[in-house]
Amino acid sequence: MKEHYRDYPEYAACGLNCGLCPRYHTEGRSRCPGCGGQGFYLKHPSCAIINCGQRHGGVEYCVLCEEFPCRRYVDEHPEDSFITYRNVTRDFEKVRMSGINAYRAELDEKIGLLRWLLEYCNDGRRKNFYCLAVNLLELEDVKAVVGRIREQTVVEEGNVKERAARAVQMFEEMAGERGIELRLKNKK
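Thresholds applied
- Residues numbered from 1 in each chain as written.
- Predicted model: local features only at pLDDT ≥ 70, side-chain atom pairs only at ≥ 80, totals over all residues.
- Heavy atoms only, no water.
- Helix = DSSP H or I, 4+ residues; strand = E, 2+ residues; numbered from the N terminus.
- Buried < 20%, exposed > 50% of the residue type's maximum accessible area, 1.4 Å probe, protein only.
- Contact = heavy atoms within 4.5 Å.
- Areas by Shrake-Rupley, 256 points an atom, 1.4 Å probe, with all protein chains shown as cover.
- Lys, Arg positive; Asp, Glu negative; His and termini not counted.
- Charge placed at Lys NZ, Arg CZ, Asp CG, Glu CD.
- Phe/Tyr/Trp six-rings, centres within 6.5 Å; stacked < 30°, edge-to-face > 60°.
- Lys NZ or Arg CZ within 6 Å of the ring centre and 35° of its normal.
- Salt bridge = Lys/Arg side-chain N within 4 Å of Asp/Glu carboxyl O.

On to the overall build of the protein chain, then. Scanning the protein chain for helices and strands turns up seven helices and zero strands. Here the protein chain holds 188 residues, and 47% of them are scored as buried. In the protein chain, of all internal contacts separated by at least 6 residues, the share reaching a separation of at least 24 is 71%. Total accessible area on the protein chain is roughly 10600 Å²; 48% of this is exposed by carbon and sulfur atoms. Averaging the positions of the 30 positive and the 29 negative side-chain charges in the protein chain gives two centres separated by 5 Å.

This is the structure:
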């Protein structure tokens, strides 16, 4: 596959939110640069989705293709990998309704909130949880939880384990109110 760099690797051609993936927020060799980011082709030398988009006239996102939804999106993904597939259809619908730039702005805001959580509320064991929670919950819900965390905790001081425990509890409560399970779908 010919290298093709994308100007916004935080949102994948297939609809995954790469900017909310734990591997995107990892240091070292296992870090993923996002879909079509610098070094992507060293980790993923052949991507069927990007190849398909190139064959269809350089389509950057599947949702913008004339043939969407194609057979790739008929069945739900049976399991997740590092990131959840659960919101791909919902997020594609947001792109259709509001446009790619509006969706990118929403995703950028979520990425900023996630970075704050990772910096101030991560006890070394919560990255996957925060990535999943921020990905699955709507932006307004994430903002509400982060606002409560900021109000109820002294971020600069205190025990990070206590902050992390309170943050996890608040996210689980919000997810419960929305009927969302904050767990990846495992292989069966």
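Below, the discussion takes up the packing of aromatic side chains. One pass over the full model with this rule turns up 10 aromatic pairs. With a centroid separation of 5.1 Å and an interplanar angle of 85 degrees, the aromatic rings of F68 and F92 are classed as edge-to-face. Of the two residues, F68 sits in the loop between α2 (48-55) and α3 (88-98) while F92 sits in helix α3, which places them 24 residues apart along the sequence. Taken individually, F68 and F92 each receive the classification buried, so the pair is uniform in this respect. Taking 5.5 Å as the distance between ring centres and 70 degrees as the angle between the ring planes, the aromatic pair formed by Y73 and F92 counts as edge-to-face. Here Y73, found in the loop between α2 and α3, pairs with F92, found in helix α3; they are 19 residues apart in sequence, far enough to count as distant. Residue F92 is classed as buried on the basis of its relative accessible area of 2%. Taken together, the aromatic side chains of Y11, Y61 and Y103 make up a single cluster linked through ring pairs. Cation over ring: R31 sits above Y24, and NZ or CZ is 4.8 Å from the ring centre. In this structure, R150 packs its charged tip against the face of W116, placed 4.4 Å from the ring centre.

A separate point is unusual backbone geometry. Cis geometry marks the peptide bond from F68 to P69, where omega comes out at 0 degrees. By secondary structure assignment, the location of P69 is in the loop between α2 and α3.

The next thing to look at is the pattern of salt bridges. Here the structure, examined in full by the defined rule, presents 11 salt bridges. Between E106 and K94 there is a salt bridge, with the nearest N and O atoms lying 2.8 Å from each other. With a gap of 12 residues between them, E106 in helix α4 (residues 100-120) and K94 in helix α3 connect regions that are remote in the sequence. We note that E106, like K94, is buried. D123 is paired through a salt bridge with R126; the nearest N and O atoms lie 3.2 Å apart. Each member of the pair, D123 as well as R126, is classed as buried. One salt-bridge network, held together by shared partners, links R90, D91, K94, E106 and E138.

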